[in-house]
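Letter by letter, the chains look like this.
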Amino acid sequence: MSTLVVYFSFDGNTKFIAEKIAETISADVIELNTSKKYPTQGFRKYFWGGKSVIFGEKPKLTNEDIDLSRYETIMIGTPVWAGSYAPPVKSFISQYKIHGKRIALFASHGGNGAEKCFARLKEALPDNQFIGETAYVEPKKSPEESSAKALRWAKGLTL
Ligand SMILES: Cc1cc2nc3c(=O)[nH]c(=O)nc-3n(C[C@H](O)[C@H](O)[C@H](O)COP(=O)(O)O)c2cc1C
């Protein structure tokens, strides 16, 4: 049975970590995409993104159907948005009834909210076994340090 790394990334930080993890453990990797476009700059970006979290939005994913039955372990990555996980990850969880999997979580953030984000993800994914979690502060700003941390973490998981 193999491992899937599935993630959403708005500015590339979570993508950076996802790719490092997938490469380290030779996992399949899928980036979640949506047709909904958030503003990419300034205050509007935080306002619309934050609002989307607070209202529990689940933007439609444009990915092809993912066959989760092929995977025993799923690694889910998200940026922290308003102390939680990003709406496309909510869409993923809602669309795929995930249970009986081994799940590892990873997140990028600006300095706070990762623990709350992980707690919320666990709450949203009952009936699964959580095998690890790891968070990174703006990893693209310290690529070497962050990729070394991601590599250590991924290698240390019992997959
Ligand atoms: C809408 C929005 C809300 C955010 N909320 C938080 C937050 O609550 N806590 C935090 O530390 N960073 C917050 N951030 C910053 C991102 O989590 C951080 O920049 C992260 O590295 C972005 O990952 P990405 O490049 O994969 O999108 C927020 C960013 C956006 C766009």
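Whatever comes next refers back to the structure up there.
Here, residues in each chain are numbered from 1, in the same order as that chain's written sequence. Note on the predicted model: pLDDT of at least 70 is required for a residue's local features to be given, and 80 or more for side-chain atom pairs to be given and counted; whole-chain, interface and lining totals, by contrast, use all residues. Hydrogens are left out, water is left out, and the side-chain values use all remaining heavy atoms of the structure.

Trainee: A description of helix α1 (residues 13-25) should follow, citing residues and the corresponding values.
Mentor: Its 13 residues place the ends of α1 19 Å apart at the C-alpha level, agreeing with the 18 Å of an ideal helix rising 1.5 Å per residue. Exposed residues in this analysis have more than 50% of their type's maximum accessible area, buried residues have under 20%, and partly exposed residues fall in between, with area computed by a 1.4 Å probe over protein chains only. Helix and strand definitions follow DSSP, with helices as H or I runs of at least four residues and strands as E runs of at least two, each counted in order from the N terminus. Considered for burial, the residues of α1 that qualify are N13, T14, I17, A18, K20, I21 and A22. Tucked into the core, α1 has its buried residues touching β1 (2-7), β2 (28-31), β3 (71-81), β5 (102-109), β6 (129-137) and α5 (143-156). Positive phi appears at S26, one or two residues downstream of α1, with a value of about 55°. Residue count minus one, scaled by 1.5 Å, sets the expected span of a helix. What makes two residues a contact is simply this: any of their non-hydrogen atoms within 4.5 Å.

Trainee: Break down the site of the ligand for me, citing the residues and quoting the values.
Mentor: With respect to spatial proximity, 21 residues lie near the ligand, and among them S9, T14, V80, N112 and E138 are the closest. Here a polar contact means two N or O atoms within 3.5 Å. Within protein one must be a hydrogen donor candidate and the other an acceptor candidate, and residues neighboring in sequence count only if both atoms are side-chain atoms. Interatomic distance of 2.8 Å between a backbone N/O atom of F10 and an oxygen atom of the ligand. Within the backbone of V80, a nitrogen or oxygen atom sits 2.7 Å from an oxygen atom of the ligand. For the area figures, the Shrake-Rupley method with a 1.4 Å probe applies, and any residue is considered shielded solely by the protein chains shown. Starting from 650 Å² of accessible surface for the ligand in isolation, the protein chains cover 90%. Among the detected pockets, the ligand sits in the largest pocket. Those elements that provide at least two residues to the shell around the ligand are α1, α2 (42-54), β3 and β5. Among the elements that make up the shell around the ligand, the one with the highest residue count is α2 (four residues). Under the scheme applied here, ten amino acids are nonpolar (Ala, Val, Leu, Ile, Met, Phe, Trp, Tyr, Cys and Pro), four are charged (Asp, Glu, Lys and Arg), and all others, including Gly, are polar. Per-class residue counts for the shell around the ligand are six nonpolar, 12 polar and three charged. Throughout, near means a residue has at least one heavy atom within 4 Å of the molecule or strand. Buriedness for pockets is judged along seven lines, at least five of which must meet protein on both sides within 12 Å for an open set on the 1 Å grid over protein atoms alone, while cavities are sets there where a 1.4 Å probe fits but cannot get out, and lining residues have an atom within 4 Å of a point. If over half the atoms of a molecule are within 2 Å of the grid points of a cavity or pocket, the molecule is regarded as sitting in it.

Trainee: Please set out the layout of surface pockets residue by residue, giving values where relevant.
Mentor: The space that makes up the largest pocket amounts to roughly 410 Å³. If you trace the largest pocket, you find 18 residues lining it, with D11, K45, Y46, V80 and W81 closest to the centre. Secondary-structure elements contributing two or more residues to the lining of the largest pocket are α1, α2, β3 and β5. When residues in the lining of the largest pocket are grouped by element, the largest group, four residues, is from α2. Grid points are joined across faces, edges and corners, and a volume is the space filled by probe spheres set on the points.

Trainee: Can you explain the environment of Y85? Please cite residues and give values.
Mentor: Checked against the element boundaries, Y85 lands in strand β4 (residues 84-85). Classification of Y85 by relative accessible area gives buried; the value is 9%. For the pair Y85 and A107, spaced 22 residues apart in sequence, the C-alpha separation works out to 8.4 Å.

Trainee: Could you give an account of the packing of aromatic side chains, with specific residues and numbers?
Mentor: Pairing of aromatic side chains here covers Phe, Tyr and the six-membered ring of Trp, requires ring centres within 6.5 Å, and sorts the geometry by plane angle: under 30 degrees stacked, over 60 edge-to-face, intermediate tilted. Evaluation of the coordinates by the stated rule reveals seven aromatic pairs. For the ring pair F10 and Y38, a centre distance of 6.0 Å and an interplane angle of 90° mean the geometry is edge-to-face. Taken together, the residues span a long stretch of sequence, with F10 in the loop between β1 and α1 and Y38 in the loop between β2 and α2 at a distance of 28 residues. Its relative accessible area of 23% is what places F10 among the partly exposed residues. For the ring pair F10 and W81, a centre distance of 5.6 Å and an interplane angle of 90° mean the geometry is edge-to-face. One end of the pair, F10, is in the loop between β1 and α1; the other, W81, is in strand β3, with 71 residues separating them in the sequence. Taking the relative accessible area as the measure of exposure, W81 reaches 12% and is therefore buried. Among the aromatic side chains, those forming a connected cluster through ring pairs are F8, F10, Y38 and W81. Just above the ring of F130 sits the side chain of K122; from NZ or CZ to the centre is 5.9 Å. Consider the ring centre and the ring normal. A charge sits over the ring if Lys NZ or Arg CZ is within 6 Å of that centre and within 35 degrees of that normal. If you follow K149 out to its NZ or CZ, it ends over the ring of Y136, 4.6 Å from the centre.

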